[in-house]
Each structure stands twice: as structure tokens, then as C-alpha cells.
Amino acid sequence: MSQSIEVLNLRTQRDFQYVLKMETQMKGLKAKFRQIEDDRKTLMTKHFQELKEKMDELLPLIPVLEQYKTDAKLITQFKEEIRNLSTVLTGIQEEIGAYDYEELHQRVVNLETRLRDCMKKLTCGKLMKITGPITVKISGTRFGAWMTDPLASEKNNRVWYMDSYTNNKIVREYKSIADFVSGAESRTYNLPFKWAGTNHVVYNGSLYFNKYQSNIIIKYSFDTGRVLAQRSLEYAGFHNVYPYTWGGFSDIDLMADEIGLWAVYATNQNAGNIVISQLNQDTLEVLQSWSTGYPKRSAGESFMICGTLYVTNSHLTGAKVYYSYSTKTSTYEYTDIPFHNQYFHISMLDYNARDRALYAWNNGHQVLFNVTLFHIIKTEDDT
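Here we summarise the structure given alongside this text.

Cut-offs applied
- Residues numbered from 1 in each chain as written.
- Predicted model: local features only at pLDDT ≥ 70, side-chain atom pairs only at ≥ 80, totals over all residues.
- Heavy atoms only, no water.
- Disulfide = S-S within 2.5 Å.
- Helix = DSSP H or I, 4+ residues; strand = E, 2+ residues; numbered from the N terminus.
- Buried < 20%, exposed > 50% of the residue type's maximum accessible area, 1.4 Å probe, protein only.
- Polar contact = N/O pair within 3.5 Å; in protein donor to acceptor, adjacent residues only side chain to side chain.
- Contact = heavy atoms within 4.5 Å.
- Salt bridge = Lys/Arg side-chain N within 4 Å of Asp/Glu carboxyl O.
- Pairing = 2+ DSSP bridges.
- Axes fitted to C-alpha atoms, helices over the stretch in contact; angles between N-to-C directions.

## Regarding the state of the cysteines
Consideration 1: Across all of its chains, the model carries 1 disulfide by this definition.
Consideration 2: Sulfur-sulfur distance for the disulfide between Cys124 and Cys306 comes to 2.4 Å. Between Cys124 and Cys306 the sulfur-sulfur dihedral comes to about -90°; the bridge is accordingly left-handed. With Cys124 in strand E1 (residues 122–138) and Cys306 in the loop between strand E14 (302–305) and strand E15 (308–312), this pair connects stretches of sequence that are 182 residues apart.
Consideration 3: Assessed through its relative accessible area of 4%, Cys306 is described here as buried.

Right under this line is the structure:
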């Protein structure tokens, strides 16, 4: 809970800085606007109208600013309450029975509920910044994938590990990040097919991967150890026809975000440019597709956040998020969001909606990047 509050605090404070700048700008404009009203006859009508329109644009930001201030105060209260509870728990360790356990437990439950309610206010946002990485472990070959399930419960922190981009069928499972770091495997799975690339995803208890030397997507259940579904991704290039810049049979990239399950690939019909398809998680049927104008072979990696695809321009040093495509509006824009490619070669980069972080395989290093999203805060009037 402390870690969750620190992450929430960091995001809120960053966004708060954006809004504070807007507040300063609004106050300055408001003063100028009053001055103009006092002596508007001496100024041109055109300039007066321009400032009035600018002021009208900024006025809707006032409720957002007030909500950020409220949330910042709320997080401060949360931090103080956690410090108080931690002190009490320390005392209990020293002297068992000094406090009523049931009362203390209820306080923790109430605090957790309030924290979750606060987190729910953060709707989907636009990617603003990538920080890190944090190196979790050094293991495996130069290429691979590691992941957690974004739909798992809070108590379920299993990690899955898939080394190499070809000629492998073994998936290693760890009960937690701590077990993953120490190398304490809890289970291994021998898949019925070899996989291609490193762009797999675990979603709602199942592994989704691209079958080697094909454009077939496999859904494999960890609970039953069986294939639940498989389907060919029509017209999708495979086996290094349309890979990312680093190659490695990375033609088909499977990913998940707050909205659902996605496949990113390229087709001859779209001239080798990226196609985004939303998939039915049970049947793997394509629900809807979007054709972009960005060449798949010029992309280093890509990931989805809140229905928007973000594409990097390289897998090497100096890489940055260079292009984004929104499936909500069917529009694109060129971006300039750098990130630190610490170990010089990225062969996997995927967003986890539960952790709100990017999981990456960075030249035999398993790392995490933190993302800063510009959120719209939901107020009581929006519900």
C-alpha cells in the first residue's frame, strides 16, 4: 500500500505541476482582462476579443485544478495515516496484545478502500514521460520476454519468463517478483508449439503467443495446460517479413491495455505499414482493425496504453517514442518522448495496465520503466 501511494503521489504531483503552471497563466490573464475591461475603449476590439477567447478556454481548467489540490491533500493524509499505522504495528511486534487487532485491521481495510477509490478517479491518460529503468534482474540471452498478468488480483503477483525469440517451448513461472529475482521457480510449462518472437502477453490467466513460422495466434491456459483457442491472423506477415528493426521474428506483437487484447502487425495490403487489431480474448476473432501509415520495419517496438498505440523509432541507444495512433479517433501524431535505453538493445517493451509500467527485455536485463500519463480526474458530477 505504501508503494502504491508513493506511485500515486508521484503521478499526482507531476500532473499537479502542469496544472499549477496553468493556474499562474490564468491569474495573469485574469488581471490583464480586468485591466482591459477598465480601459477597453483605448484598445483595439480585435485584441480584446482574442484575450477574452483565451480566458474562456482556460476557465474549464479551474475544476480540474481544484480536484488536483483536493487529491494532493488526500494523498498527504493517506501517507500520514500509514505512518501512524506503521508505528502501531511496530509496537505490536514489540508487545503482542497492546492494541485491539480487529480495530487496527478495520483501519487498514478502510484506508485501502479509500486508496482504491482515489485510484479509480484516474481515467485513461495520454503518455507524457517515461522514466527509469529499474533493473530487476540480469538473466537469459540477449532476447526474451517477461511479464505479469494485468488482470490478476492484488495478491497474485506471478511472473512468467520466456527466454529467446525462437526454438523454445519452456515457460518458467515464479510466484512473485522476489522469487523471480532469487530464481525460485514455482512451475514450468512445456508449450505444445514453439513460439516466434518475444511479443507474447499473459492476460486473464492465459498466455497468448505467435506460433513459430506462421501467423497463427495461440491462447494457452496456465490452469489447464491446454490450448483454448487458435486462429490465423489474416494477411499478417510472419517469419521476418515485417519484423521490428531488430528482427527476431517479431512480425506479430500481442499486447493488452485498459481496454483489452490487441495484435499489432503489418500486411501486404497495407504496404507493410502497421495494422492494429482488437481481439476477442476468448475466440481470438478480430473485432476491429485500424490501418496506420507507419512502416512496421521502421519501428523499434510498440505498446498500447488506453487504446493508443505508441511506437518507438529504434531498438538501440537514442530510441524514443516517435509516433502514436489513437484507435478512439483514428488519428495519429508524431511525438518526441525519449527514454533511457540503458543496456543498448531492447527486444521487448510492453505496458502493464495494473502496474502502470513498461516491462522490457534490455539486452539480457529484465527492467521496468515508469510512465507518466496526463490524466483527466473524474469528479462526482461525472459519475
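## Re the side chain of Asp253
Consideration 1: Along the polypeptide, Asp253 turns up in strand E10 (residues 253–256).
Consideration 2: For Asp253, the side chain forms a polar contact with the side chain of Tyr244, separated by 2.6 Å.
Consideration 3: In contact with Asp253, not counting residues within four places along its chain, are Asn199, Tyr244, Trp262, Ala263, Val264, Glu301, Ser302 and Asp350.

## Re unusual backbone geometry
Consideration 1: Omega for the bond connecting Gly132 with Pro133 falls within 30 degrees of zero, at 10°, which places this linkage in the cis form.
Consideration 2: Even without being a glycine, Asn240 presents a positive backbone phi close to 65°.
Consideration 3: Position of Asn240 among the secondary structure elements: in the loop between strand E9 (227–232) and E10.
Consideration 4: With relative accessibility at 30%, the residue Asn240 sits in the partly exposed group.
Consideration 5: In this structure, Phe344 is a non-glycine residue whose phi angle is positive, near 80°.
Consideration 6: Within the secondary structure, Phe344 is located in the loop between strand E17 (331–338) and strand E18 (346–352).
Consideration 7: According to the relative accessible area criterion, Phe344 is exposed, its value standing at 52%.

## Points about the pattern of salt bridges
Consideration 1: Counted under the stated rule, the structure contains 6 salt bridges.
Consideration 2: Arg158 is the salt-bridge partner of Glu173, the closest N and O atoms lying 3.3 Å from each other. Taken together, the residues span a long stretch of sequence, with Glu173 in strand E4 (residues 170–174) and Arg158 in the loop between strand E2 (144–147) and strand E3 (159–163) at a distance of 15 residues.
Consideration 3: Note on Glu173: relative accessible area 6%, which makes it buried.

## Points about the sheet that holds strand E7 (residues 206–210)
Consideration 1: The 4 strands lie next to each other as E6-E7-E8-E9, forming an open sheet whose pairing is antiparallel. Each edge of the open sheet carries a strand with a single partner, namely strand E6 (201–203) and E9. This sheet shows a mean twist of 20° between the axes of neighbouring strands, independent of strand direction.
Consideration 2: Looking at chain direction, E6 and E7 are connected through 3 bridges and run antiparallel.

## With respect to the environment of Tyr244
Consideration 1: Within the secondary structure layout, Tyr244 lies in the loop between E9 and E10.
Consideration 2: C-alpha separation for the pair Tyr244 and Asn313, spaced 69 residues apart in sequence, amounts to 9.6 Å.
Consideration 3: Excluding its chain neighbours within four sequence positions, the residues that come into contact with Tyr244 are Asn199, Ser250, Asp253, Val264, Lys296, Ala299, Gly300, Glu301 and Ser302.

Any functional reading would require information beyond the geometric quantities listed.
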